[in-house]
Amino acid sequence: MRRLVAETRLHPAELILPMFIREGAGGPVPVGSMPGVVQHSLDSFRAALHEAAAAGIGGVNLFGVPEVHDAIGSGATDENGILNVATRIAREEVGDALVIQTDLCLDEFTDHGHCGVLAADGSVDNDATLVRYAEMALAQASAGAHLVAPSGMMDGQVAVIREALDENGFHDTGILAYSAKYASAFYGPFREAVDSQLKGDRRSYQQDPANRREGLREATLDLAEGADIVMVKPAMAYLDVLADVAAVSDVPVWAYQVSGEYAMVEAAAAHGWIDRDRAILETLTGIRRAGADAVLTYWAVEVATRLLGRSA
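Residues numbered from 1 in each chain as written. Predicted model: local features only at pLDDT ≥ 70, side-chain atom pairs only at ≥ 80, totals over all residues. Heavy atoms only, no water.

## Thoughts on the packing of aromatic side chains
Evaluation of the coordinates by the stated rule reveals 7 aromatic pairs. Arranged with centres 6.1 Å apart and planes meeting at 20°, the rings of phenylalanine 20 and tyrosine 298 form a pair that is stacked. Within this pair, whereas phenylalanine 20 is found in strand S1 (residues 15–22), its partner tyrosine 298 is found in the loop between strand S10 (294–296) and helix H10 (300–311), the two being separated by 278 residues in sequence. Classification of tyrosine 298 by relative accessible area gives buried; the value is 9%. (Phe/Tyr/Trp six-rings, centres within 6.5 Å; stacked < 30°, edge-to-face > 60°. Helix = DSSP H or I, 4+ residues; strand = E, 2+ residues; numbered from the N terminus. Buried < 20%, exposed > 50% of the residue type's maximum accessible area, 1.4 Å probe, protein only.)

Okay, structure coming up:
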């Protein structure tokens, strides 16, 4: 009876796996703060893509980990840069089975670790960054991305990217907008996963965790600029914002269960303090219940496999 009247259900197609691909890696490199997560070599990446497709998840969200960083993140737009190479591989290997999403941000590629180009005074130059984002969008679309995912929280980024894509014939390339992205402590393990070079913090362009209405405002602006999907990040500490956005959005709303949220559950479970499997499903159900149509989670393949086994 409980199963029959359940209001919220999980399905593999609603889960998206974030993946890290490390330039020059000879094999998968474990991320110490995220048990079970690795920086992939190109070979292990191929195998993991097919595993994800077999599990029936909805898509993969790709992050590149380059060997060389510079002030403007040149590797982000180099057709032979690690993220663009990985995107071509993903499109060729599983492009008919999974949605290929690419992180459209400079932070992994810059030597200062910020999401944009810096001005002379060390601040992030919003407009100069938009030029780089347009170039990055074209590089990723050319490599085969189904969705480009601007995560840098620059003002006007969705409009600039949409214009660049349309003017160059990429009308079918969608935009997954990181619309309400908060300056969160829960990103800590991710910095290890992408070998972040960050100096300082990102509070000048990511949102204040104290502000709820601002999250809805940012999402509304992205919708007006042409976002195909809007997203709230992190997920679990911002379920109120997620519910607000879901109540007004006429496009799909997604949420990102971030590295710190993953790491907390894994750490507590490793100490025997919580039931790991139940906690994973409960967190994902809560995010879906709050209004997310799909969830980016590092447990995507594991949970999808469990769900498929349950329905077999």
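## Topic: the nonpolar core
Ranked by internal contacts, the top residues of the largest apolar core, which has 96 residues, are Phe45, Ile57, Val60, Leu62, Tyr133, Trp254 and Tyr256. For tyrosine 133, the contacting residues outside a window of four places in its chain are Leu104, Cys105, Leu106, Cys115, Gly152, Met154, Gln157 and Ile161. (Core = buried A, V, L, I, M, F, W, Y, C linked by side-chain atoms within 4.5 Å. Contact = heavy atoms within 4.5 Å.)

## Examining the layout of surface pockets
Estimated volume of the second largest pocket: approximately 340 Å³. Lining the second largest pocket are 19 residues, and of these Leu17, Gly36, Val37, His40 and Tyr298 sit closest to its centre. Counting residues per element, the ones that place at least two in the lining of the second largest pocket are S1, strand S3 (38–40), helix H1 (42–55), helix H8 (259–270) and H10. (1 Å grid on protein atoms, 1.4 Å probe; cavity = no way out; pocket = protein on both sides within 12 Å on 5 of 7 lines; lining within 4 Å. Points joined across faces, edges and corners; volume = space filled by probe spheres on them.)

## Comments concerning the packing of helix H6 (residues 213–225) against helix H7 (residues 239–248)
Axis separation between H6 and H7 bottoms out at 9 Å; the angle between their running directions is 35°. Handedness of the H6/H7 crossing: right-handed. Along the contact surface, H6 presents Gly215, Leu216 and Ala219, while H7 presents Val241, Asp244, Val245 and Val248. Taken together, the residues of the contact of H6 with H7 break down into 5 nonpolar, 1 polar and 1 charged. (Axes fitted to C-alpha atoms, helices over the stretch in contact; angles between N-to-C directions. Left-handed = near helix turned anticlockwise from the far one by under 90°. Nonpolar A, V, L, I, M, F, W, Y, C, P; charged D, E, K, R; others polar.)

## A look at the pattern of salt bridges
Under the definition given, this model contains 13 salt bridges. For aspartate 244, the salt bridge goes to arginine 212, with nearest N and O atoms at 2.7 Å. Of the two residues, aspartate 244 is situated in helix H7 and arginine 212 in the loop between helix H5 (188–193) and H6; the sequence distance between them amounts to 32 residues. Each of the salt bridges in this network shares a partner with another, and the network as a whole consists of Glu266, Arg276, Asp277, Glu302 and Arg306. (Salt bridge = Lys/Arg side-chain N within 4 Å of Asp/Glu carboxyl O.)

## Side note on a nonpolar patch on the surface
Nonpolar side chains collect at one region of the surface, where Met1, Leu4 and Val5 lie side by side and expose about 400 Å² of accessible area between them. What makes methionine 1 exposed here is its relative accessible area of 77%. (Patch = residues over 30% accessible without salt bridge, like charges linked within 9 Å, V, L, I, M, F, W, Y side chains within 5 Å. Areas by Shrake-Rupley, 256 points an atom, 1.4 Å probe, with all protein chains shown as cover.)

## So, the pairing of strand S6 (residues 147–150)
By the alternation rule, side chains of S6 split into Leu147 and Ala149 and Val148 and Pro150, which are all buried. Examined bridge by bridge, strand S5 (residues 99–104) and S6 share 4 bridges and lie parallel to one another. When the sheet's bridge partners are listed, aspartate 103 is paired in S6 with alanine 149. Handedness of the crossover is the feature at issue here: the chain leaves S5, passes through helix H3 (residues 126–143), returns alongside S6, and the resulting connection is right-handed. The pairing of S6 with strand S7 (residues 174–181) spans 2 bridges and is classified as parallel. Bridging from a neighbouring strand, leucine 147 pairs with glycine 174 of S7. The handedness of the S6 to S7 crossover, carried by helix H4 (residues 157–167), is right-handed. (Pairing = 2+ DSSP bridges. Right-handed = clockwise from strand over helix to strand, strands pointing away.)

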